Amino acid sequence: MTYFFQLVVSGIVVGSIYALAAIGFVLIYKSSRVLNLAHGQLIAAGAYITYTLTVYCHIPIYLSFVLSMILMFFLAMSVERIFLRRLIGEPIISVIMVTIGLMSIIDGVIYLTPYGSENLSFPSFLPSQPIVFQGIYISYTQVAGVVITFLLIGVFSWFFRKSTVGISMRAVSDDQMASMSIGISVPRVFGLAWATAGLTAAAAGGILGNIVGLNFDTLHAFGIIVFPVVILGGLDSLPGAVAAGIIMGLIQQFASGYLDGNWGLSGTASLLPYIVLLVILLFKPHGLFGTHEIERV
Amino acid sequence: MMSANRWMATGNYFTTYRQEQRIFATHTDRLIFALFLVVLFSWPYFIELSTKHMLVVDNILIAVIAVYGLNLVTGFAGQISVGHAAFMGVGAYTVAAVAGVIGDQHVLITHAWPLMILLSGFTGAAMGLIVGLPALRLRHLYLLMATLSFQLIFQWVIGSMELFNQGQFMYVGRVHWFSGEVGRSQHYMFWYYALLVTVVVSGLGVRNILRTRYGRSLVAVRDNDRAADAMGMHPGLTKVFAFGLAGFFAGIAGALQAYLNRGAGFETFTLHESIQYLAMTIVGGLGQVTGCLFGPAAIRILDLQVESLAQWAGGILPSSLDLATGLRPLSFGLVIVLFLIFEPRGIANWWRIIRSYVKLWPFRY
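For clarity, every value in this text was computed on a predicted model and none was experimentally measured.

**Q** Which parts of the structure should I look at to understand the overall build of chain A?
**A** Each helix and strand counted, chain A has 11 helices and 2 strands in total. Element order for chain A, N to C, with α for helix and β for strand: α-α-α-α-β-β-α-α-α-α-α-α-α. The C-alpha radius of gyration of chain A comes to 19 Å, within 12% of the 19 Å expected for a compact globule of 297 residues. Referenced to the eigenvectors of the C-alpha coordinate spread, the extents of chain A come out at roughly 60 × 50 × 35 Å. Residues classed as buried in chain A amount to 56% of the 297 residues present. A fraction of 73% describes how many contacts in chain A between residues 6 or more apart in sequence connect residues 24 or more apart. Of the roughly 12500 Å² of accessible surface on chain A, 68% is carried by carbon and sulfur atoms.

**Q** So what exactly am I meant to see when it comes to unusual backbone geometry here?
**A** Note on backbone geometry: most residues besides glycine have negative phi, and most peptide bonds are trans. Even without being a glycine, H58 of chain A presents a positive backbone phi close to 55 degrees. For H58 of chain A, the position within the fold is in the loop between α2 (39–55) and α3 (61–84). Phi angles above zero are rare outside glycine, and R262 of chain B is one such case at about 55 degrees. Looking at where R262 of chain B falls in the secondary structure, it is placed in the loop between α11 (235–260) and β4 (263–264).

**Q** Can you walk me through the packing of α3 of chain A against helix α8 (residues 186–212) of chain A in this structure?
**A** Each packed pair of helices is defined by two parameters, the angle between the axes and the distance between the axes. All names here are of chain A. With their axes 7 Å apart at the nearest point, α3 and α8 run at an angle of 145 degrees to one another. Considering only the axes of α3 and α8, their crossing is right-handed. Per-class residue counts for the contact of α3 with α8 are 18 nonpolar, 6 polar and 1 charged.

**Q** In this structure, what is going on with the interface of chain A and chain B? I would like to understand it.
**A** In many analyses, interface size is given as the accessible surface area lost on bringing the parts together. Taken together, the contact between chain A and chain B spans 46 residues of the former and 47 residues of the latter. In this assembly, chain A and chain B are joined by 0 salt bridges. One can count 2 residue pairs in polar contact (both at pLDDT 80 or more) joining chain A with chain B. It is helix α4 (residues 92–112) of chain A that contributes the most residues to the side of chain A that touches chain B, 17 residues altogether. In the side of chain A that touches chain B, the residues fall into 33 nonpolar, 8 polar and 5 charged.

**Q** Teacher, can you tell me more about the environment of H187 of chain B here?
**A** Residues and elements named next belong to chain B. Here H187 lies in helix α8 (residues 187–211). Between the alpha carbons of H187 and M54 there is a distance of 10.0 Å; along the sequence they are 133 residues apart. Contacts of H187, omitting those with residues within four sequence positions, involve R174, V182, Y259, L260 and R262.

**Q** How should the side chain of T74 of chain B be read in this particular structure?
**A** By secondary structure assignment, the location of T74 of chain B is in helix α3 (residues 51–76). A polar atom in the side chain of T74 of chain B sits 3.2 Å from the backbone oxygen of Q79 of chain B. When neighbours within four sequence positions are excluded, T74 of chain B is seen to be in contact with I93 and M97 of chain A together with Q79, I80, S81, L278 and L286 of chain B.

**Q** Looking at this model, I keep getting lost on the environment of V242 of chain A. Mind explaining?
**A** Residues and elements named next belong to chain A. Tracing the sequence through the fold places V242 in helix α10 (residues 238–259). By relative accessible area, V242 is classed as buried at 16%. In this structure the C-alpha to C-alpha distance between V242 and Y56, which are 186 residues apart in sequence, comes to 33 Å.

**Q** For this particular structure, what's the right way to read helix α6 (residues 164–174) of chain A?
**A** An α-helical segment advances 3.6 residues per turn. Residues three or four places apart therefore align on the same side. Residue and element names in this part refer to chain A. Of all the positions in α6, only G166, S168, M169, V172 and S173 are classed as buried. All buried residues of α6 fall inside an arc of 160 degrees around its axis, so they share one side. In α6, the exposed positions that point more than 90 degrees away from the buried face belong to T164 and D174. Packing partners of the buried residues in α6 comprise α1 (2–32), α5 (140–162), α7 (176–181) and α8.

**Q** I keep staring at the pattern of salt bridges and nothing clicks. Help me out?
**A** In a structure, side chains of opposite charge can pair up when their charged atoms sit close to one another. Residue and element names in this part refer to chain B. Taken as a whole and judged by the stated rule, the model has 4 salt bridges over all chains. Of the charged contacts in the structure, one is a salt bridge between R222 and D223, with a shortest N-O distance of 3.0 Å. In this structure, D303 and R328 form a salt bridge, with 2.6 Å as the shortest nitrogen-oxygen distance. Within this pair, whereas D303 is found in helix α13 (residues 291–316), its partner R328 is found in helix α14 (residues 323–342), the two being separated by 25 residues in sequence. Ionic contacts of the salt-bridge type, sharing partners, join the residues D303, E307 and R328 into one network.

Thresholds applied
Residue positions are counted from 1 within each chain, in the order its sequence is given. Chain letters start at A and ligand numbers start at 1, both assigned in the order the entries are written. Given that the model is predicted, a residue must reach a pLDDT of at least 70 before its local features are reported, and side-chain atom pairs must reach 80 or more before they are shown or counted; all residues, however, enter totals for whole chains, interfaces and linings. By convention in this description, side-chain values take in all heavy atoms of the structure and omit both hydrogens and water. Only DSSP runs of H or I covering at least 4 residues are called helices, and only runs of E covering at least 2 are called strands; the numbering of each starts at the N terminus. Radius of gyration: C-alpha atoms only; globule rule: 2.2 Å multiplied by the number of residues to the exponent 0.38. Accessibility here uses a 1.4 Å probe with only protein chains present; expressed as a share of the type maximum, an area under 20% marks a residue as buried, one over 50% as exposed, and anything in between as partly exposed. A contact between two residues is defined here by any heavy atoms of the two lying within 4.5 Å. Note that accessible areas follow from Shrake-Rupley with a 1.4 Å probe, and for residues the cover is restricted to the protein chains shown. Axes, fitted as lines to C-alpha atoms, cover a helix only where it is in contact. Angles between the N-to-C directions of the axes lie from 0 to 180 degrees. Handedness of each helix crossing follows the sense of rotation of the near helix against the far helix: counterclockwise by less than a right angle gives left-handed, clockwise gives right-handed. Think of it as three bins: nonpolar holds Ala, Val, Leu, Ile, Met, Phe, Trp, Tyr, Cys and Pro, charged holds Asp, Glu, Lys and Arg, and polar takes everything else, Gly as well. What counts as a salt bridge is simple: a side-chain nitrogen of Lys or Arg found within 4 Å of a carboxyl oxygen of Asp or Glu. Pairs of N or O atoms within 3.5 Å make up the polar contacts considered here, provided that, within protein, one atom can donate a hydrogen while the other can accept it, and that residues adjacent in sequence are counted only when both atoms are side-chain atoms. Comment: arc refers to directions from the helix axis out to C-beta atoms.

If you want it as structure tokens, here you go:
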């Protein structure tokens with residue numbers, strides 16, 4: 001039973017990072033209907049920026065975490081400004097293909113830095129002794145990660161419910177024409193959506209880097225699992241993203257805990273999310289909490 | 001009446017749909033096409049290429065076949081596929097797995113290779129149909145996610161199953177032709193001709209599919225699925241059909257690649273490769289059959305340039321940097337983005353401009 005709870009705990013830890021990562025994706029989709037394929041690369045970039053600031057610039061990790069979020073905020077905003085702003089009005093398919101191009105570009109840039117091939121880990125800033133509770137191990141980093149994740153999720157839900165900017169972003173996602181007519185600048189909202197996505201990506205990347213270390217392949221694989229998460233939760237639902245993130249974390253932990261090693265299976269944790277994705281697409285295309293579209297074509 | 005002169009048409013004088021749907025509008029087009037074919041088939045007799053460059057030419061032709069399929073899905077049916085390399089992998093691993101089970105020198109592999117290639121096409125098509133299935137329930141571009149997960153599931157299956165040698169290289173034997181076994185010295189030349197025939201046949205095949213009601217319904221669904229639905233087409237089934245066709249061409253391309261490389265390896269069917277095929281399609285021109293020829297050539301040549309640049313720079317910079325692995329995705333990504341922003345109709349559009357210029361010369365219009 002301890003084993004089970006251990007898996008639950010680590011599932012929740014991983015899942016909450018998924019949730020944080022998925023929020024950024026959902027934000028972009030909600031406001032502009034663009035599936036941002038480059039989101040995983042934004043997360044990786046966030047992780048590496050945090051690492052660079054901490055290790056090479058000797059900035060305390062708390063500060064560098066915040067700094068990298070700010071940097072990614074402006075970086076993602078400029079990505080939107082440079083590449084995507086000129087495609088407003090083009091068919092959405094070309095915008096999505098541009099994000100595929102971006103994915104490739106950021107991949108290439110990271111491969112060109114020494115980070116592309118090295119295994120790095122953050123200097124530990126919390127006690128490395130894990131917390132033991134009833135035989136369940138949790139490290140301080142994981143606790144910090146979960147706490148920061150839920151704090152950020154709380155901040156974002158407040159932001160979307162109460163702040164004017166957040167409400168205008170929701171308005172744009174609801175109806176672009178109508179929001180234009182009441183004086184919301186739609187391109188600005190798109191820019192903001194990307195910027196916020198960059199910010200959450202940096203946060204997710206920073207936390208992830210602290211928990212699992214920095215290896216580009218791992219970060220890459222992590223970034224792609226964001227897609228099953230958002231499909232499971234429903235592409236345009238923030239609570240869905242959070243719930244689906246945690247569900248996906250649990251699925252993965254249970255898979256690697258119970259399936260691997262039995263029946264000659266291995267690495268099922270990296271396979272199951274995609275099977276879930278296909279099944280969800282076939283049987284419940286709007287995910288758990290996504291908006292149902294009435295029209296059937 | 002149509003224009004009396006079918007050699008020198010100065011414009012479109014179509015009066016029936018039949019005329020408009022012709023593959024070759026004028027006799028001149030047909031003549032140029034025939035001359036082009038003659039050149040393609042005969043140049044190896046006049047120019048001797050090194051093995052390395054012959055391999056590049058062969059790879060371009062394989063990519064052309066794959067891009068036919070991807071262009072049907074992305075250009076004509078308007079769905080993005082980021083799993084095209086995996087569909088090719090299905091084809092390649094069909095051949096490789098059969099070779100692994102019955103032995104790579106079995107008659108079925110070495111003598112009945114056209115049958116094996118067709119079989120791979122059908123397994124690819126079957127996979128395409130399965131991946132396309134969610135289209136029955138979905139609108140928009142969610143299918144992108146289905147292809148992405150197919151790509152990753154494919155990688156997992158290849159990497160972990162004994163049947164596929166767990167992603168290690170699997171050998172496929174040399175093929176036989178009427179003159180006996182195709183030896184090492186003729187290998188690339190033989191496959192150049194085999195590929196060329198496949199490219200021409202499937203190119204004409206794609207052109208013909210696009211003239212049929214199924215092909216035209218692809219375009220109709222892309223442009224407006226509600227209107228297509230109202231006109232009695234089934235948008236979901238049309239998209240599934242498009243994915244099946246794409247899988248078919250990818251399967252054939254993959255099988256040919258397995259024969260050309262004398263085996264199948266895991267690393268030629270990754271997500272990066274899928275993106276490379278997408279880059280080829282975009283650069284060539286979405287929704288243009290001629291674009292399927294330009295795109296692969298342009299990207300493969302770019303690839304060669306990047307490689308030599310990386311080699312040149314590798315001599316100057318510290319060797320710890322692996323430039324090629326970084327420059328490749330970087331250049332493909334840049335090409336995708338720049339073409340989509342500045343020339344969304346691809347190289348095929350330049351070709352169209354040149355053609356219309358030549359056609360009307362010496363007049364401006």
